[in-house]
Amino acid sequence: MALPLEYRGVSLKSSMGLDLAAYQLDNVAAGADEGPGRSLPWYSVDLSTVLERLAGKEGRWLQTLEPRIQFVHVPFEDQDDLPAFDTIDPDINIVQLFRRNRFVGLDRLGDTDQLSLGVTTRLLRARDGSQFLTATLGETLYFSSRDVQLDGKPPSDDNSSDYIAELGMNFNEVWNVDLGYQWDSDES
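Every value quoted in this text rests on a predicted model; they were computed, and no experiment measured them. The written sequence of each chain sets the order in which its residues are numbered from 1. At least 70 in pLDDT is required for a residue's local features to be given in this predicted model, at least 80 for side-chain atom pairs to be given and counted, and no such filter applies to totals for whole chains, interfaces and linings, which use all residues. As a rule here, side-chain values come from all non-hydrogen atoms in the structure, and water together with hydrogens is ignored.

On to the pairing of strand E2 (residues 10-22). Note: two strands are recorded as paired if DSSP finds a minimum of 2 bridges between them. The helix and strand labels rest on DSSP assignments: H or I over at least four residues marks a helix, E over at least two residues marks a strand, and numbering proceeds from the N terminus. Where strand E1 (residues 2-7) and E2 come together, six bridges link them in antiparallel fashion. Residue pairing across strands places Glu6 opposite Ser11, the latter belonging to E2. Taking the residues that link successive antiparallel strands as the turn, the E1-E2 hairpin has two residues, and the phi of Arg8 there is positive, at about 50°. Direction of pairing for E2 relative to strand E3 (residues 37-49): antiparallel, over a ladder of 13 bridges. Paired with Lys13 across the strands is Asp46, a residue of E3.

Now the structure itself:
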């Protein structure tokens, strides 16, 4: 369930839900549950806006500034008895910063209390709205350890994610360049 609110270019989206997963397993070890499952509530609040201005000679460019803040809460529930058929823990990137679940797949729902921060700027051609340049910078701050893991990994108690930066340039309809950078402030 989501409740989006928009006012003068500011968007506030609050969402909550109940994540359910149930399995019916064959050939399980003696004493193991043939029908494990989970039910976890979650909620998130996502605040964003798009600021824009004309730039350059005679307003040739439209420049945007797009800050975004998202808070996500998912409580801990031990999911070690659930199979992990198709779930992965992907590398962090700009898209991953703003996902409610840090895992991709249906077999795990990652516990978290996190605040994701990001800002994007774009340079658009005013004559046709085509994008020439985009730059994004973001990071996630964690307020608690993340105990749900895959493959017996230890819980993660980092206070923040790596910094993520992306730069994209579209020279024309055929040629573009995309660059990404990830920096771990703990490891430099």
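It is worth spelling out the confidence of the model for the protein chain at this point. Looking at the protein chain, pLDDT values average 92 and 100% of them are 70 or higher. As a per-residue quantity, pLDDT reports the predictor's confidence and falls between 0 and 100. Summarising per-element confidence for the protein chain, the mean pLDDT is lowest in E1 (85) and highest in strand E5 (residues 61-74) (97).

Ring geometry is summarised as follows: Phe, Tyr and Trp rings, the Trp one being its six-membered ring, pair when their centres sit within 6.5 Å, and such pairs are stacked at plane angles under 30 degrees, edge-to-face over 60 and tilted between the two. Applying the stated rule across the entire model yields four aromatic pairs. When the centroid spacing of 6.1 Å and the interplanar angle of 50° are considered together, the rings of Tyr23 and Phe85 count as tilted. A residue pair is termed long-range when its members are at least 10 positions apart, and Tyr23 in the loop between E2 and E3 and Phe85 in the loop between E5 and helix H1 (94-97) qualify at 62 residues. Centre to centre, the rings of Tyr43 and Phe71 are 6.1 Å apart; their planes meet at 45°, and the pair counts as tilted. Taken as a pair, Tyr43 in strand E3 and Phe71 in strand E5 lie far apart in primary sequence, 28 residues in all. One residue, Arg146, lies across the ring of Tyr142, its end atom 3.7 Å from the ring centre. Counted as over-ring charges are cases with an Arg CZ or a Lys NZ within 6 Å of the ring centre that also lie within 35 degrees of the ring normal.

Taken as a whole, the largest pocket holds about 600 Å³ of empty space. Together, 26 residues line the largest pocket, and Asp89, Ile92, Arg102, Tyr142 and Ser156 are the ones closest to its centre. Elements with a minimum of two residues in the lining of the largest pocket: H1, strand E6 (112-125) and strand E7 (131-142). Residues of the lining of the largest pocket, tallied by class, amount to four nonpolar, 11 polar and 11 charged. Cavities and pockets are found on a 1 Å grid laid over the protein atoms alone: a cavity is a set of points where a 1.4 Å probe fits but cannot escape, a pocket is an open set with protein on both sides within 12 Å along at least five of seven lines, and a lining residue has an atom within 4 Å of such a point. Grid points are joined across faces, edges and corners, and a volume is the space filled by probe spheres set on the points. What the second largest pocket holds in volume is close to 330 Å³. Lining the second largest pocket are 20 residues, and of these Glu66, Ile94, Thr120, Arg122 and Thr136 sit closest to its centre. Contributing elements (two or more residues each) for the lining of the second largest pocket: E3, E5, E6, E7, strand E8 (163-170) and strand E9 (176-183). Broken down by element, the residue count for the lining of the second largest pocket peaks at four residues, all from E6. Note on residue categories: nonpolar means Ala, Val, Leu, Ile, Met, Phe, Trp, Tyr, Cys or Pro, charged means Asp, Glu, Lys or Arg, and polar means any other residue, Gly included.

This part covers the side chain of Thr120. Tracing the backbone shows Thr120 in strand E6. Burial classes follow relative accessibility: with a 1.4 Å probe on protein chains only, a residue under 20% of its type's maximum area counts as buried, one over 50% as exposed, and anything between as partly exposed. Judged by its relative accessible area of 13%, Thr120 is buried. Here the side chain of Thr120 touches Thr136 through a polar contact of 2.9 Å, side chain to side chain. Among residues more than four places away in sequence, those in contact with Thr120 are Thr64, Leu65, Glu66, Thr134, Ala135 and Thr136. Under this definition, polar contacts are N or O atom pairs within 3.5 Å; protein pairs additionally need one hydrogen-donor-capable and one acceptor-capable atom, and for neighbouring residues in sequence, both atoms have to be side-chain atoms. The contact definition used throughout considers only heavy atoms, calling two residues in contact when any of these lie within 4.5 Å.

For the rest of this paragraph, the subject is the side chain of Asn101. Mapped onto the elements of the fold, Asn101 is located in the loop between H1 and E6. Taking relative accessible area as the criterion, Asn101 reaches 12% and is therefore assigned buried. A polar contact of 3.2 Å, which involves the side chain of Asn101, links it to the backbone nitrogen of Phe103. One polar contact links the side chain of Asn101 to the main-chain amide nitrogen of Gly110, over a distance of 3.0 Å. Filtering out sequence-adjacent residues up to four positions away, Asn101 remains in contact with Gln96, Arg108, Leu109 and Gly110.

Across soluble globular proteins, you tend to see nonpolar side chains buried next to one another. Put simply, a nonpolar core is a bunch of buried Ala, Val, Leu, Ile, Met, Phe, Trp, Tyr and Cys residues held in one set by side-chain atoms that sit within 4.5 Å of each other. Core analysis: the largest hydrophobic core is formed by five residues, namely Leu40, Trp42, Val72, Val74 and Leu109. Elements with a contribution of two residues or more to this core: E3 and E5. Not counting the four nearest positions on each side in its chain, Trp42 is found in contact with Ser15, Met16, Gly17, Leu18, Asp19, His73, Val74 and Arg100.

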